[in-house]
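Listed below, chain by chain, are the residues.
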Amino acid sequence: METGDGADGPGGPDAPGMQFGCASFNQDSTSLALGTKTGYKLFSLTMVEMLDCIHESETPDVYIVERLFSSSLVVVVSTAMPQRMNIYHFKKGTEICNYSYPNSILAVKLNRHRLVVCLDESIYIHNIKDMKLLKTLLNTPSNPSGLCALSISHSNSYLAYPGSATIGEIVVYDANNLNTVTMIPAHDSPLAALAFNASATKLASASERGTVIRVFSIPEGLRLFEFRRGMKRYVNISSLSFSPDGQFLCASSNTETVHIFKLEQLGPSGEDETGTWTAYVGKMFSAASSYLPAPVSGMMSQDRAFATVHLVTLGQRNICTLAMIQKLPRLLVATADGQLFIYNVDPLDGGECMLAHKHRLFGTDDDQDEVAKTEGSEVPGPVQTCPSYAATAALPASGPVTATLTGYSEDGGAKKGEVIPEHEFAAGPVCLDDENEFPPINWCRGGTGGGQARPS
């Protein structure tokens, strides 16, 4: 999942006891893809109280399903043929293309410029316009979970993947210019999760220990922030995700707690400029840390979670993302037992997030009446602007909303702020809902053929 770029979502090709094989949020968290034993489903995430299933397929045993933004392009990999990637135009019900690889596919990442396929010890980079194989990164360190992250920015198309199987080293690769940008020594233990912010200026990482989350500048690779998820126990962090404006970072794991961290810049002197009691205590800790052993002082200087969520289910893999839904900031958590939780987030005061709604991703949702309803969410209407994630605290909870998306403008598509219908692209490099389709429907002999990925 892109939004969440943990190992491989809640489950995988060999995950025992899973009711479904995978779940992933699309690149801008406007839809959720779910792979099950009987097929895959795509849900629209434009409303809090209503989960709209926009497509359902009978492809069995799907363990990877990725949708390209809100287009009709969807990538599917099933356990029946784990070495083959199928690309579909789901609105037309046609196969655009399929590609086969030497070994099982562990992850697929998409943006409007590149399609990346990750195997255990190799990575394939395709041009999404025509699926031409541009580069093969061979003999990469063993990566059995398929951990990688691809930025969604068209102008800065960066790929991050483990540079070592034994320590937390990150390789940052320029997928546009096809060259390595930097190598980041991020953690002492192997990596567990990676995520870019929307503008590809920051990269968050967590290791298998799961106690510390770090944020680095891109492309320089300088450490900007360090957050402590917990000190008492090691956990398996399954996903990291930035808010749309990059001011918040959420992290979920196999514990009951989801953490949201706030990326606050310090003043020119390096200290918090606010005169609060918390700031005063923080300065006292900083002063005392110079007299303490390094491990202790390090823990004191690291920030705590700005907001938290306590899930009712324990020990399950899940993925999380931060999104704007109906003009308000939300935290979304999809769990391995087939549920989607939507929480309200207070971007000013943080604290414990309130549950807004809970949805069952398959079967009958019998718990709708137990969940608090979001005020004013029943009133449809037009949305004129898209405020930042953090600036929404002052907005009223009620107001006109609609199931539309703001035009994507980084690559010369729709003008900034233009509202375009859901499931359509702005005019530009990719448009999968009109007669002038791009990528073209005849990539591989009318969409019925396939290709064999070969090293370049």
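Here the structure is shown first, and the text comes after it.
So, here's what we can say about the structure. In this convention, every chain numbers its residues from 1, walking through the sequence in written order. Since the coordinates come from a predicted model, pLDDT governs what is reported: local features require at least 70, and pairs of side-chain atoms require 80 or more to be given and counted, while whole-chain, interface and lining totals use all residues. Calculated side-chain values reflect all of the structure's heavy atoms, with hydrogen atoms and water omitted.

1. Points about the overall build of the protein
Here is the rule we go by: What counts as a helix is a DSSP run of H or I of at least four residues, what counts as a strand is a run of E of at least two, and both are numbered from the N terminus. Any pair of residues with heavy atoms lying within 4.5 Å of one another is described as a contacting pair.
What the protein contains, in helices and strands, is two helices and 32 strands. A fraction of 47% describes how many contacts in the protein between residues 6 or more apart in sequence connect residues 24 or more apart.

2. As for the environment of Leu332
The cut-off we apply is this: Accessible area is worked out with a 1.4 Å probe on protein chains only. A residue is then buried under 20% of its type maximum, exposed over 50%, and partly exposed in between.
Its place among the elements puts Leu332 in strand 26 (residues 328-335). Residue classification places Leu332 among the buried positions, given a relative accessible area of 0%. For the pair Leu332 and Phe25, spaced 307 residues apart in the sequence, the C-alpha separation amounts to 9.5 Å. Filtering out sequence-adjacent residues up to four positions away, Leu332 remains in contact with Phe25, Leu45, Ile319, Cys320, Thr321, Ala323, Ile325, Leu340, Phe341 and Ile342.

3. Thoughts on the packing of aromatic side chains
This is how the line gets drawn: Note on ring pairs: Phe, Tyr and Trp rings are taken, using the six-membered ring of Trp, and paired if centres are within 6.5 Å. Classes follow the plane angle, with under 30 degrees stacked, over 60 edge-to-face and the rest tilted. Geometrically, a lysine NZ or arginine CZ counts as sitting over a ring once it is within 6 Å of the ring centre and also within 35 degrees of the ring normal.
In this structure the tally under the stated criterion is six aromatic pairs. Here the aromatic rings of Tyr101 and Tyr124 are separated by 5.0 Å at their centres, their planes lie at 65°, and the arrangement is edge-to-face. Of this pair, Tyr101 sits in the loop between strand 8 (94-100) and strand 9 (107-110) while Tyr124 sits in strand 11 (residues 122-127), placing them 23 residues apart in sequence. In this structure, Tyr101 and Tyr124 share a single accessibility class: buried. Here Phe227 and Phe261 contribute two aromatic rings whose centre-to-centre distance is 4.8 Å and whose plane-to-plane angle is 20°, an arrangement assigned as stacked. Linking Phe227 in strand 20 (residues 223-228) with Phe261 in strand 23 (residues 257-262), this pair joins segments that are 34 residues apart in sequence. An identical accessibility class is assigned to Phe227 and Phe261; each is buried. Within the aromatic cluster, the residues linked to one another by ring pairs are Tyr99, Tyr101 and Tyr124. Sitting above the plane of the Phe69 ring, Arg112 keeps its charged end 4.0 Å from the centroid.

4. Let's talk about the nonpolar core
Defined as follows: The criterion is simple. A nonpolar core is a set of buried Ala, Val, Leu, Ile, Met, Phe, Trp, Tyr and Cys residues joined through side-chain atoms within 4.5 Å.
Within the largest apolar cluster, 24 residues are counted, with the highest numbers of intra-cluster contacts made by Met85, Ile105, Val108, Leu115 and Val117. What Leu115 contacts, discounting residues up to four positions off in sequence, is Val75, Met85, Ile87, Val108, Lys109, Leu110, Tyr124, Ile125, His126, Ile128 and Met131.

5. Some points on the sheet that holds strand 20
For clarity, the cut-off: Note on pairing: two strands pair once DSSP finds at least 2 bridges between them. Convention adopted: a line fitted to C-alpha atoms gives each axis, helices being fitted over their contacting stretch, and angles between N-to-C directions are expressed from 0 to 180 degrees.
Taken in spatial order, the four strands make up an open sheet running 17-18-19-20, and their pairing is antiparallel. Of all strands in the sheet, those bounded by a partner on one side alone are strand 17 (191-196) and strand 20. In this sheet, neighbouring strand axes are inclined to one another by 20° on average, regardless of whether the strands run parallel or antiparallel. Across five bridges, the pairing between strand 19 (residues 212-217) and strand 20 is antiparallel. When the bridges of strand 20 are listed, Ile213 appears paired with Phe227.

6. Some words on the pattern of salt bridges
Put simply, the rule is: Salt-bridge detection follows one rule: a side-chain nitrogen of Lys or Arg within 4 Å of a carboxyl oxygen of Asp or Glu.
Tallied over the entire structure, the rule returns four salt bridges. Here Arg214 ties to Glu226 by a salt bridge, and the two come within 2.4 Å at their closest N and O atoms. Here Arg214 is found in strand 19, whereas its partner Glu226 is found in strand 20, with 12 residues between them in sequence. Between Lys262 and Glu264 there is a salt bridge whose closest N-O contact spans 3.9 Å. Linked through salt bridges whose partners overlap, the residues forming this network are Arg214, Arg223 and Glu226.

7. Structural notes on unusual backbone geometry
A cis geometry characterises the amide bond from Ile218 onward to Pro219, with omega recorded as 15°. Locating Pro219 in the fold gives a position in the loop between strand 19 and strand 20. Although it is not a glycine, Lys327 adopts a positive phi angle of roughly 70°. Topologically, Lys327 is positioned in the loop between strand 25 (318-325) and strand 26. Lys327 sits in the partly exposed class, given a relative accessible area of 32%.

8. Some words on the pairing of strand 27 (residues 339-344)
Across the six residues of strand 27, five count as buried, placing the element largely inside the fold. The sheet contact formed by strand 26 and strand 27 spans six bridges and is antiparallel. Residue Thr335 lies in a different strand from strand 27, and its bridge partner there is Gln339. Hairpin connection of strand 26 to strand 27: three residues between the antiparallel strands, including Gly338 at a positive phi of 90°. Judged from the six bridges that link them, strand 27 and strand 29 (residues 354-360) form a sheet pairing that is antiparallel. The residue bridging Tyr343 from the neighbouring strand is Leu355, located in strand 29.

9. Description of the environment of Asp61
Structurally, the position occupied by Asp61 is in the loop between strand 4 (52-57) and strand 5 (62-67). Remark: the alpha-carbon pair of Asp61 and Gly21, spanning 40 residues in sequence, is separated by 6.9 Å. Every residue in contact with Asp61, bar those within four places of it in the chain, is listed here: Thr36, Lys37, Thr38, Val77, Ser78 and Thr79.

10. Some words on the side chain of Lys202
We count it as follows: In this tally Asp and Glu are treated as negative and Lys and Arg as positive; neither His nor the chain ends contributes.
Residue position: Lys202 is located in strand 18 (residues 202-207). No salt bridge is formed by the buried Lys202, whose closest oppositely charged neighbour, Asp245, lies at an N-O distance of 9.5 Å.

11. Focus: the state of the cysteines
What counts is decided by this rule: Two cysteine sulfur atoms form a disulfide, by the criterion used here, when they sit within 2.5 Å.
Taken as a whole and assessed by the stated rule, the structure comprises zero disulfides. You can see Cys118 has no disulfide; the closest cysteine sulfur is in Cys148, sitting 4.5 Å from it.

12. So, the pairing of strand 6 (residues 73-78)
Buried residues dominate strand 6, accounting for six of its six residues. With burial as the criterion, each face of strand 6 is covered, one bearing Leu73, Val75 and Val77 and the other bearing Val74, Val76 and Ser78. Of the pairings in the sheet, the one linking strand 5 to strand 6 comprises five bridges and is antiparallel in character. In the strand pairing of strand 6, Arg67 is matched with Val74. Across four bridges, the pairing between strand 6 and strand 7 (residues 84-89) is antiparallel. Pairing of Val76 across the sheet is with Asn86, part of strand 7. Joining the antiparallel neighbours strand 6 and strand 7 is a turn of five residues.

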